Amino acid sequence: MITIKHHGATSGVTGSCHELVLDKQSSVLIDCGMFQGEEASGTESDNLKLDFPVSNVKALFITHCHIDHVGRIPSLMAAGFNGPVYASKATARLLPLVLEDALKIGVTRNATLIRQFLNLLSQQVQPVEYKQWHPVESVEGLRFRFKPAGHILGSAYIEFECSVDNTKEIILFSGDLGAPYAPLLPAPQAPWRADRLIIESTYGDKLHENRRNRRKQLENIIAHCLQDAGTVLIPAFSIGRTQELLYELEDIIHRQKGTAWENIDVIVDSPLAAKFTQHYRELSTLWDAEAKTRKQHGRHPLAFEQLITIDSHSQHLKLVNYLKSSGRPAIVIAASGMCAGGRIVNYLKALLPDPRTEVLFVGYQAKGTPGHDIQKYGPAGGYVYLDNEKIDIRAGVYTISGYSAHADQKDLISFVKRMRYKPKEIRIVHGDKEAKRVLKAELKKITPETEIIIP
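Notes on the sheet that holds strand β8 (residues 139-148)
Spatially, β7-β8-β9-β10-β11-β20-β21 is the arrangement adopted by the 7 strands of the open sheet, whose pairing is mixed. Edge positions in the sheet fall to β7 (134-136) and β21 (451-453), since each has one partner strand and no second. Shown here is a sheet whose adjacent strand axes are inclined to one another by a mean of 20°, direction ignored. Pairing of strand β9 (residues 156-164) with strand β10 (residues 167-173) involves 7 bridges; the strand directions are antiparallel. Within β10, the residue paired with S163 across the bridge is K168. Where helix α13 (residues 409-417) meets the sheet, its contacts fall on β9, β10, β11 (196-200) and β20 (425-429), and the angle it forms with β11 comes to roughly 165°.

Now the structure itself:
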């Protein structure tokens with residue numbers, strides 16, 4: 001009997017790691033992510049620990065390279081895992097950048113150790129094409145294929161075909177599914193069949209605003225900034241959200257020719273985000289039809305005239321001080337997306353007390369992160385602790401939920417509804433308690449015969 005074990009993303013939205021146990025001697029892992037916010041044990045090193053044996057793990061499959069899905073891979077390899085690491089071609093290309101950055105921030109800045117790890121990783125990573133079935137090394141009776149998930153560049157959901165005891169079973173892991181009509185990437189297409197489904201539920205109890213409304217909100221907030229001569233700070237993950245925002249901002253500026261919009265600086269202050277954006281440009285064959293059309297018409301959605309990239313730390317510090325003293329209107333996109341570290345923290349410390357500043361959240365803020373505290377207490381004029389320093393919040397605080405790269409409740413339900421053969425079992429992971437409860441009730445309406453489990 002094939003079983004599924006969960007080593008993360010059961011009590012919240014981080015630490016995704018699931019084990020498909022084929023028999024007593026062999027299993028495979030789907031993702032191996034880091035815990036964040038209140039879901040972490042305390043110190044950064046605790047977030048990286050594994051609490052399960054890896055001796056029987058024959059292969060690792062990566063749905064996409066966000067840190068909450070890949071952050072514990074160094075620990076997995078340190079524990080002795082030496083099997084293949086399967087990923088889409090784009091994910092395989094981005095993964096070393098993500099893990100190098102994670103190691104520098106949370107583990108070590110020793111260049112030799114990091115290089116040794118990355119060399120080892122390169123030997124184990126096996127890039128695969130979308131939509132093609134592949135066998136799994138050293139595992140009989142198991143094959144898989146990746147299909148586009150529309151979450152970030154290279155993201156995939158994974159179908160496993162398990163042939164055991166003369167029966168075939170399709171077990172599907174959703175990873176993180178993208179929202180339809182999101183910028184840049186095509187929406188995920190539901191599979192024909194799944195016997196067992198492990199599905200995310202980040203927004204299982206919420207509906208996003210439509211794209212036209214959220215773009216108008218983005219435009220209005222920035223227009224307010226232009227009037228106030230202040231800075232719009234957008235905490236955003238380096239991969240996915242940053243590129244989507246650039247795409248939308250290019251379009252807003254393009255439509256506002258001859259106005260003050262043409263003079264506003266759009267600043268990406270993250271060497272990692274800049275590298276990812278370059279990869280997004282180079283992998284434009286994976287863009288959706290709208291983005292490809294803009295490119296064909298001579299526009300540059302990820303490399304427009306007003307875009308400025310900040311690389312060095314000294315440039316970063318100069319810019320923070322300049323914006324603090326000058327009040328020049330600017331849009332700054334910087335990591336981390338939940339304000340738990342990275343360059344966004346210096347901007348927040350300098351500019352949160354300034355009422356000319358606007359902070360715009362465009363993604364999920366996990367409980368226990370500074371981003372969640374700013375989002376919750378900022379509108380009432382509260383405060384937040386950053387680097388153990390109490391910072392008063394006089395800046396405007398806004399949230400546009402529609403820019404989440406995650407599917408919302410309607411999208412998750414549609415993913416299941418459009419399957420020709422519905423799952424006999426659905427496991428709901430990667431969501432808050434309420435999101436999972438609500439999604440379970442909604443899924444039960446369309447799949448009354450299905451056993452729905454919240455692990």
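Let's pick the thread back up.
Points about the pattern of salt bridges
With the rule as written, the count across this model stands at 30 salt bridges. Two residues, R215 and D251, come together in a salt bridge whose shortest N-O distance is 3.0 Å. Here R215, found in helix α6 (residues 211-228), pairs with D251, found in helix α7 (residues 241-255); they are 36 residues apart in sequence, far enough to count as distant. Neither residue differs from the other here; R215 and D251 are each classed as buried. Several salt bridges share partner residues, and in doing so they unite R211, R215, E248, E250, D251, R255, E290, R294 and R299 into one network.

Some details on the side chain of T242
Here T242 is to be found in helix α7. In terms of polar contacts, T242 uses its side chain to reach the backbone carbonyl oxygen of F237, at 2.8 Å. Not counting chain neighbours up to four residues away, the residues in contact with T242 comprise A236, F237, V268, A273, T277 and I333.

Overview of the environment of A190
Structurally, A190 can be placed in the loop between β10 and β11. Sequence separation of A190 and M338 is 148 residues, and the distance between their C-alpha atoms is 30 Å. Residues in contact with A190, not counting those within four places in the same chain, are Y157, F415, R418 and M419.

A closer look at the sheet that holds strand β1 (residues 3-6)
With mixed pairing, the 6 strands of this open sheet are ordered in space as β1-β2-β3-β4-β5-β6. Both edges of this open sheet fall to β1 and β6 (125-128), since each of them pairs with a single strand only. Ignoring strand direction, the axes of neighbouring strands in this sheet form an average angle of 25°. In terms of strand pairing, strand β5 (residues 85-88) meets β6 through 4 bridges, oriented parallel. Along β6, the bridge assignment pairs A87 with P127. Running at roughly 115° to β5, helix α4 (residues 89-106) makes contact with β5 and β6 of the sheet. In the packing of helix α5 (residues 111-124) onto the sheet, the strands contacted are β5 and β6, and the crossing angle to β6 comes to about 45°.

Quick word on the pairing of β11
Counting buried positions along β11 gives 5 out of 5 residues, so the element sits mostly inside the fold. Burial of the side chains of β11 extends over both faces: R196, I198 and E200 are buried on one face and L197 and I199 on the other. Bridge analysis of β10 against β11 gives 3 bridges, and the strand direction is parallel. Among the inter-strand pairings, I171 is bridged to a residue of β11, identified as R196. One ladder, built from 5 bridges, connects β11 with β20; its direction is parallel. Residue pairing for β20: I199 is matched across the bridge by I428.

Conventions we followed
Residues numbered from 1 in each chain as written. Predicted model: local features only at pLDDT ≥ 70, side-chain atom pairs only at ≥ 80, totals over all residues. Heavy atoms only, no water. Pairing = 2+ DSSP bridges. Helix = DSSP H or I, 4+ residues; strand = E, 2+ residues; numbered from the N terminus. Axes fitted to C-alpha atoms, helices over the stretch in contact; angles between N-to-C directions. Contact = heavy atoms within 4.5 Å. Salt bridge = Lys/Arg side-chain N within 4 Å of Asp/Glu carboxyl O. Buried < 20%, exposed > 50% of the residue type's maximum accessible area, 1.4 Å probe, protein only. Polar contact = N/O pair within 3.5 Å; in protein donor to acceptor, adjacent residues only side chain to side chain.

By themselves, these figures tell us nothing about what the structure is for.
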